[in-house]
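# Structure assessment
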Amino acid sequence: MNAGIYLDNHSTTPVDPQVIEAMLPYFSERFGNPASRSHAYGWDAAKAVEHARELLANAIGATPHEIYFTSGATESINLAIKGAAEMYRSQGRHIVIVATEHNAVLDSCLALEGAGFEISVLPVQSDGHLHMDELRAAFRPDTILACVMHANNETGVIHDIRLAGAVCRSNGVFLMVDAAQSFTKLPIDVNTTCVDLLAVTGHKIYGPKGIGALYVRRKNPQVRLVPQIHGGGHERGLRSGSLPTPLVVGLGKAVEIGMGRMDDEQVRTLALRERLIDGIQTSLSGVELNGDRNLRLPGNANLTFHDLDGSSLLAGLASLSVSSGAACSAADVQPSHVLMAMGRTAELANASIRFGIGRFNTAREIDGAVKLVIETVERLRKRRLAAT
Ligand SMILES: *Cc1c(COP(=O)(O)O)cnc(C)c1O
């Protein structure tokens, strides 16, 4: 398959070959159910699962029994938000979130609104940042939970979780952090940042799809959640269902590799990102970077191309795997709620492209992408000029 240059690493990443290698035995000869307590197959699988749990815990400064495996960040977020809402509803029914959160957060809260909860959605500044005064001001006596994502999936903009955590802790509000994009790419320690719930996923960090985890603080203060999936009582009763041992092992391996390479990969992907932005902006005028240039994921560039028709842009870049500032759901095309929250018009949001540079991208690929973008944009602008 020659599908062109892959620059959509915020959408998903290829599985690292070392991760595949680590997973393989757990599909075949080491196939036991980690919940089988009475024989060696079960013990072997359980040992592998607990090793992965330890790797995840160590990566964020948690203890292993604060880590719960799920099917991905969407499930982790649903469990965190709905589980906390159900547990603490007698203490309050107000939740605070940021306008640029992922749909998993937005829609979980929308579902809660139907169940009698009130949601406050905080605005962001034009550079994508949340002003912490907004967070502080949004709190009420009945606020139980705040959700502030670590790094945004469209713009890569990084929120100051330490500050958000301090504000939440001093107001007695739990903080849930969606770290799907930042995990193993930016350091985070749940204790120094006062994070109470943290959601991660395997397939954004060179691990497999279908596996994720939720960190749930166990003390100072303890967070309790009402389970959202019932059954055999796996994961200490919080998330029933037999664990997919190969995927858990793969997630653990992905975390081990990612943590080991974090510093090197930050430097490398940042250099590639700057090469991409500079390459495009040197040759083209009317190209604007969305989001703070520095406080963003090193591999992210989200660019708006002025003076052209957004829908033809993505089509023109067909040999490049990137995402546009428009989310296609079934039939209709919606401008990105993230770019709209940053004050962009629908037209400009639709003329925006997200480039996500990852572990396996090369400088040569970046140069190829730059060339293609320049050619495509120049062609579209000429056509538009001719039409007017
Ligand atoms: C991808 C992503 C999710 C959803 O993760 P899944 O594992 O695909 O369910 C949630 N939040 C952010 C910020 C993401 O990038």
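Let me sum up the structure you'll find in this document. (Residues numbered from 1 in each chain as written. Predicted model: local features only at pLDDT ≥ 70, side-chain atom pairs only at ≥ 80, totals over all residues. Heavy atoms only, no water.)

Counting 51 residues, the largest nonpolar core has L56, I60, F69, L135, L175 and L198 as the members making the most contacts within it. Sequence-distant contacts of F69, defined by excluding residues within four places in its chain, comprise V49, A52, R53, L56, I211, G212, A213, E235, R239, L243, V248 and L251. Counting residues in hydrophobic clusters, the runner-up holds 31 residues, among them I77, A84, I144 and V216. (Core = buried A, V, L, I, M, F, W, Y, C linked by side-chain atoms within 4.5 Å. Buried < 20%, exposed > 50% of the residue type's maximum accessible area, 1.4 Å probe, protein only. Contact = heavy atoms within 4.5 Å.)

Quick look at the site of the ligand now. Surveying the vicinity of the ligand reveals 13 residues, the closest of which are T74, D178, Q181, T201 and K204. A73 is positioned such that a nitrogen or oxygen atom in its backbone is 3.0 Å from an oxygen atom of the ligand. Here an oxygen atom of the ligand sits 2.6 Å away from a polar atom, N or O, in the side chain of T74. When the ligand is considered free in solution it has 380 Å² of accessible area, and contact with the protein chains removes 87% of it. Per element, the largest residue contribution to the shell around the ligand is three residues, and it comes from helix α3 (residues 73–88). A breakdown of the residues in the shell around the ligand according to their chemical character gives four nonpolar, seven polar and two charged. (Near = heavy atom within 4 Å. Polar contact = N/O pair within 3.5 Å; in protein donor to acceptor, adjacent residues only side chain to side chain. Areas by Shrake-Rupley, 256 points an atom, 1.4 Å probe, with all protein chains shown as cover. Helix = DSSP H or I, 4+ residues; strand = E, 2+ residues; numbered from the N terminus. Nonpolar A, V, L, I, M, F, W, Y, C, P; charged D, E, K, R; others polar.)

Attention shifts here to helix α4 (residues 103–113). Among the residues making up α4, those that are buried are A104, V105, L106, S108, C109 and L112. Looking at the buried residues of α4, the elements they touch are α3, β3 (94–98), β4 (118–122), β5 (143–147), β6 (174–178) and α9 (337–341).

Right, let's talk about the packing of helix α7 (residues 245–283) against helix α11 (residues 363–387) for a bit. The interhelical angle for the contact between α7 and α11, taken along N-to-C directions, is 25 degrees, at an axis separation of 9 Å. Between α7 and α11, the crossing angle belongs to the class labelled roughly parallel. Considering only the axes of α7 and α11, their crossing is right-handed. Residues L272, R275, L276, G279, I280 and S283 of α7 touch α11, and the partners they reach there are A363, I366, D367, A369, V370, V373, I374 and E378. Residue composition of the contact of α7 with α11, by class: nine nonpolar, two polar and three charged. (Axes fitted to C-alpha atoms, helices over the stretch in contact; angles between N-to-C directions. Parallel < 35°, antiparallel > 145°, perpendicular 65-115°, else oblique. Left-handed = near helix turned anticlockwise from the far one by under 90°.)

Moving on to the environment of Q334. For Q334, the location among the structural elements is in strand β14 (residues 332–335). What makes Q334 partly exposed here is its relative accessible area of 41%. As a C-alpha pair, Q334 and A40 span 294 residues in sequence and 52 Å in three-dimensional space.

Strand order across the open sheet formed by four strands is β9-β10-β15-β12, with antiparallel pairing between neighbours. Each having just a single partner strand, β9 (287–289) and β12 (323–324) make up the two edges of the open sheet. Sheet analysis places strand β10 (residues 300–305) next to strand β15 (residues 352–356), joined by five bridges and oriented antiparallel. Note on β15: the bridge partner recorded for N302 is R354. Where α7 meets the sheet, its contacts fall on β9, β10 and β15, and the angle it forms with β10 comes to roughly 15 degrees. (Pairing = 2+ DSSP bridges.)

Per the stated rule, a full pass over the model turns up zero disulfides. This cysteine, C168, is not joined by any disulfide, and C194 carries the nearest cysteine sulfur, 9.1 Å off. (Disulfide = S-S within 2.5 Å.)

On to the sheet that holds β4, then. Strands pair in a sheet through their backbones, by hydrogen bonds, and they do so in one of two ways: parallel or antiparallel. With respect to topology, seven strands assemble into an open sheet ordered β2-β8-β7-β6-β5-β3-β4, the strand pairing being mixed. The open sheet has two edge strands, β2 (67–70) and β4, and neither has a second partner. Neighbour-to-neighbour, the strand axes of the sheet open up by a mean angle of 20 degrees, direction not taken into account. The pairing of β2 with strand β8 (residues 212–216) spans four bridges and is antiparallel. The residue of β8 that forms the bridge with I67 is Y215. Relative to β2, helix α2 (residues 40–60) is tilted by about 115 degrees, and along the sheet it contacts β2, β7 (197–201) and β8.

Geometric descriptors of this kind do not, in isolation, establish any biological role.
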